[in-house]
Amino acid sequence: MKIERFAVSLLVLLLFSQTLFAQQKRPLTHQDYDQWESLGSQKISKNGQWVGFQVNPQDGDGRIEIFSFKNPNQRQLIPRGQSYLFTPDDKFAVGKIGVEKDTLYALKLKKTKKDDLPADSLFIYNLAENKLEKLPRVKSFATPEEAGSWVAIHFEKEKKEKTSKETETDSTKKVEKQKKTDGTLLRVRKLDGSVSYDFERVKSYGFSKNGEFLQYQLAEEDTLDNAAIYILNLASGESRLISEGMTSYSDVTFSPQAKYLAYVSTDDSTKAKKPYYSLFITESKGGEVEELVTKGSEGPMANGIVSADGNIRFSEDETRLFFGVSPDYVDYGYENDTTILDEDRVSLDIWGWQDSEIQPMQLKNKSREEKFSYLATIDLATDKITQLADLEVKNVSLESKIEREFGIAWTDAPYRINYSWDVQIGRDLYLVDFKTGSKTLIEKDVSGFPSISPEGKYLYWYDSRDSSWVAYNLAQKSKINLTKDLPFAFYEELHDSPSLPGSYGSAGWLAGDEAFLVYDRFDIWKIDPKSPAAAVNLTQGAGRKTNTVFRRQDLDREERSIDPKSQLLLTAFNEQTKDAGYFMGSFDGKSTPKQLIMSAHRYFGLTKAEESTEVILNKSTYAESPDLYLADLTFKNLKKVSNLNPQQAGVNWGSVELVDYLTNDGEPLQGLLFKPENFDASKKYPMMVYFYERNSDGLHNYRSPAPSASTINIPYFVSNDYLVFVPDIKYDLGLPGPSAYNCIIPGVQSLIARGYVDADNMAIQGQSWGGYQVAYLITQTNMFKAAGAGAPVVNMTSAYGGIRWGTGMSRMFQYEQTQSRIGGTLWEKPVYYIENSPLFFMDRVKTPVLIMHNDEDGSVPWYQGIEMFMALKRLNQPAWLLQYNGEDHNLVQRKNRKDLSVRLSQFFDHYLKGAPAPLWMSEGLPAVQKGKTLKYELEQ
């Protein structure tokens, strides 16, 4: 008995000490954001022996850490390390070192000239010898992609001397003027420093993939026409002049095995309205430069000329070259009429009902259309030029590796006029022959985005209209429905908008195009196009039986097709519990997947070494930063090798739990409830409610304290003794507002019933679609003491006919097909538009509202926030509108994000915690005080 009493006493003491420690932890402040860290540039060498990652604070200087996979405790730290890579031979790490941010900031405050500011440096780290070398004032660097032990280092311009250099000649002083050029020093050297070549006034450069050659371009010097392009043979050190004296060189490209170098060039003036370019080629090892295509060449489309905006590509066997053609410049007369003053030129946009795209969208895409190039190809054995894309069928898709003599061509021009209200338009699909340019129609009005199978036997795509995966047998010219006879749906089962549902995706093709791997909601199917009905469920239905989503984990970034003898590693995610992990499956489908690891975490970022079984991955929970772990494909011994945010240990952080509840319609839903770390169920807590469609799958996501782009930062509010509830929402078509009410309010009420929510001090906040739902809810209930609505649509009738200025698209599609979910036009369903528009019911609002809507919002019309504010002002209801000048839908500038974070916390603290109001709320910020004060000060 004494032992039991001692154990109980000890347990009570431990619990008391843990509670006391939690109470002693401080809450997050707005000053904490800058130091909060995240990982970036996670890499593992090809041989799996070396690992690196970058640690970045939100504002400040980061670092790179590099270490051996077998001995991660001994590592090289590189302060201010930025972009880096492991070299193809796995012997070096090469990267940049940035300038100390505080130093740079102080110099900018002193108005230091740009040329006098410090520049980045380069580091070269010898992995085996643990030697670090640094080079100053580096602009950029490169190494070969696939092989070779070389690095090219492009330096910044040398700092100008304060006094001119002088030379004496016959007692006469002559001043040497520094010649003007955009080029700077390029140093090409062996990574170990044993061989080095320097080239002056280099403008750009690039290695061949195999590391045998480097091309570099010289910039012009003063007014001389001495721009040039060279090839450096890295084995011999010979640098060969390819061309000199042209106005520009662009799109310089080596063929896959570096047999050829091709480029586009012109000697026309840079002021020419439409310079005439030519396409050139030469053999990398030597030989004459050949002008393949120029103005007037036979083959390109009528009035077509070589485009400088195309993208040169070679076929994998280096027998064919692809390039872009653009229409010749057309002088319409008015533009070049020198008898008209600029002030007298007419500037207008004409909106025509017959236009395929409305004027705002045309203007948004104007630059892209002006630079659009039509794909053509040339047979390098015969020099025959074949035009592939043309004015009728503009789009030709090339594979990542071009190994066949055909490709996919398509056009949506016949259906484009409907795009303003139907974003799921079809496209006419063709097969284009690279030898002849002829196009064979596959199908008109295809709903989907076709691809070519790895062996070129099939085209395949997801047909959203038929909710099926289909294939087209190229030899038999027949279409095959791959999934119609299978017992489960291959469309998104939870899809709840008037648009056509998408698919769950696919895993790719087995070698030889023998079978196609495709996903349903939970499981993976192997489908032989010759016999689709005999498809095999590779996961044996285990996913659906256990609510676990299985997906194939890609282990080879260069993979074209899947080797059926390889391992079938699966990611796993349980939709009910939100647990995640990895399983091992089989390609024969004869056994259920075997669990390797499954836990209450989020796993992501898995990367396998190319030549070994070592992997790196991230693992997180709400309370655990997504640190980097080392493992092999058994996942038996995960080793944590990063330690993000140690300062979190001293912060009142919090926890999250999954909440199950029923909607007003009796449907089961889930939500996330975030609690402070020192949570006491006997107390009453103010509660924030945030929502945006479905979020519960993010149970184990780590959420960093960060200044707000538009929404509340959950860790900040939780740390400051708020509960935060994030409910899921399912929508009924035509009823987005009532659907939000039916899902959110029951979830809130279920938490109130638990006894620890202060029902008199609750608030809601959301942005964009969430902002709309906030605006709607406060017209339906007064249960919330305050509300925050970012970029809210409050009047669907006025927004319906507006423009999304970010894309130039009409907003009609959003209401008829997608997020707003009305499912019809304004004249077909006027009552739905009005009943779902909060503006028409603003007289019911009794909740103080903080609105944010910015004057450069390209997604939701800025006037929507104004309409809401003006209605509430007219009704004499407390409302504030934050308008950040020059900002878009969500804040981009960090200074503005910090400002919004302060105002959000002050607003909700005032209403939910009784804190004094800040002066910007009680007094406002008159225009005459703009830029002079922020008025964060609290009322006395």
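Because the structure is predicted, anything quoted here is derived from the model rather than measured. Every residue gets a number counted from 1 within its own chain, in the order that chain's sequence is written. Whole-chain, interface and lining totals are the exception, using all residues; otherwise, since this is a predicted model, local features are given only for residues with pLDDT of at least 70 and side-chain atom pairs are given and counted only at 80 or more. Side-chain measures here rest on the full set of heavy atoms in the structure, leaving out hydrogens and waters.

Draft legend 1. The arrangement of the overall build of the protein in detail. Helical segments are the DSSP runs of H or I of at least four residues, strand segments are the runs of E of at least two, and each set is numbered from the N terminus. Looking only at helices and strands, the protein features 14 helices and 56 strands. In summary, the protein has a C-alpha radius of gyration of 32 Å against a globular reference of 30 Å for 940 residues, a match within 12%. Seen through its principal axes, the protein has C-alpha atoms that stretch 95 × 75 × 75 Å. Accessible area is worked out with a 1.4 Å probe on protein chains only. A residue is then buried under 20% of its type maximum, exposed over 50%, and partly exposed in between. Here the protein holds 940 residues, and the buried ones make up 50% of them. In this analysis, two residues are considered to be in contact whenever any of their non-hydrogen atoms come within 4.5 Å of each other. Long-range pairs, those at least 24 residues apart, make up 56% of the contacts in the protein with a sequence separation of at least 6. Of the accessible surface of the protein, which amounts to about 45000 Å², a share of 49% is contributed by carbon and sulfur atoms. Two residue types count as positive, namely Lys and Arg, and two as negative, namely Asp and Glu; His and chain ends fall outside the count. Positions of charges follow a simple convention, taking NZ of Lys, CZ of Arg, CG of Asp or CD of Glu. Between the averaged position of the 110 positive side-chain charges in the protein and that of its 127 negative side-chain charges there is a distance of 5 Å. It is over C-alpha atoms that the radius of gyration is taken, and the globule rule equals 2.2 Å times the number of residues to the power 0.38. In short, Shrake-Rupley with a 1.4 Å probe defines the accessible areas, and a residue's cover is counted only from the protein chains shown.

Draft legend 2. Summary view of the sheet that holds strand β39 (residues 548-552). Two strands pair if DSSP finds at least two bridges between them. One open sheet accounts for four strands, arranged β39-β40-β41-β42; its pairing is antiparallel. The sheet is open, and its two edges are formed by β39 and β42 (594-599), each paired on a single side. Along the sheet, successive strands turn relative to each other by an average axial angle of 20°, direction set aside. As defined by bridge partners, β39 adjoins strand β40 (residues 568-574) across five bridges and the pair is classed as antiparallel. Residue pairing across strands places Phe 550 opposite Ala 572, the latter belonging to β40. Inter-axis angles, ranging from 0 to 180 degrees, are taken between N-to-C directions of lines fitted to C-alpha atoms, where helices are fitted over the stretch in contact.

Draft legend 3. Representation of the packing of aromatic side chains within the structure. We call Phe, Tyr and Trp rings a pair once their centres come within 6.5 Å, taking the six-membered ring for Trp, and we label the pair stacked below 30 degrees between planes, edge-to-face above 60, and tilted otherwise. The final tally for this structure, using the stated rule, is 42 aromatic pairs. Ring plane angle 75° and centroid distance 6.2 Å describe the contact between Phe 717 and Phe 908, whose orientation is recorded as edge-to-face. Placement of the pair is Phe 717 in helix α6 (residues 714-719) and Phe 908 in helix α13 (residues 894-913), with a sequence separation of 191 residues. The class for Phe 908 is buried, based on a relative accessible area of 0%.

Draft legend 4. Layout of the confidence of the model for the protein. Per-residue confidence from the prediction method is given by pLDDT, with values spanning 0 to 100. Within the protein, residue pLDDT values average 93, and 96% of them lie at 70 or more. Counting contacts from residues 1-22, a segment whose pLDDT is below 50, to residues more than four positions away or on other chains yields two contacts. Note that pLDDT drops below 50 for residues 163-173; the model gives that stretch eleven contacts with residues more than four away or on any other chain.

Draft legend 5. Quick peek at the sheet that holds strand β34 (residues 478-481). The sheet built from four strands is open, its strands ordered β31-β32-β33-β34 with antiparallel pairing. The open sheet has two free edges, formed respectively by β31 (451-452) and β34, since each of these has just one partner strand. Strand direction decides the pairing type here: β31 and strand β32 (residues 458-463), joined by two bridges, are antiparallel. Of the residues in β32, the one forming a bridge with Ser 451 is Tyr 460.

Draft legend 6. Expanded view of the environment of Ser 768. Note that Ser 768 resides in the loop between β51 (757-767) and α8 (769-777). In the structure, Ser 768 is positioned 84 residues away from Met 852 in sequence and 9.8 Å away in space, judged by C-alpha atoms. When near neighbours in sequence (up to four residues on either side) are disregarded, Ser 768 contacts Tyr 692, Gly 790, Ala 791, Pro 792, Val 860 and His 889.

Draft legend 7. Spatial organisation of the environment of Lys 636. Mapped onto the elements of the fold, Lys 636 is located in the loop between β45 (627-631) and β46 (639-640). C-alpha separation for the pair Lys 636 and Gln 31, spaced 605 residues apart in sequence, amounts to 40 Å.

Draft legend 8. View of helix α12 (residues 862-874). End to end, α12 covers 19 Å across 13 residues, agreeing with the expected 18 Å (1.5 Å per residue, within 8%). Taken together, the buried residues of α12 touch α8, α9 (796-800), β55 (849-852) and β56 (879-882). Residue count minus one, scaled by 1.5 Å, sets the expected span of a helix.

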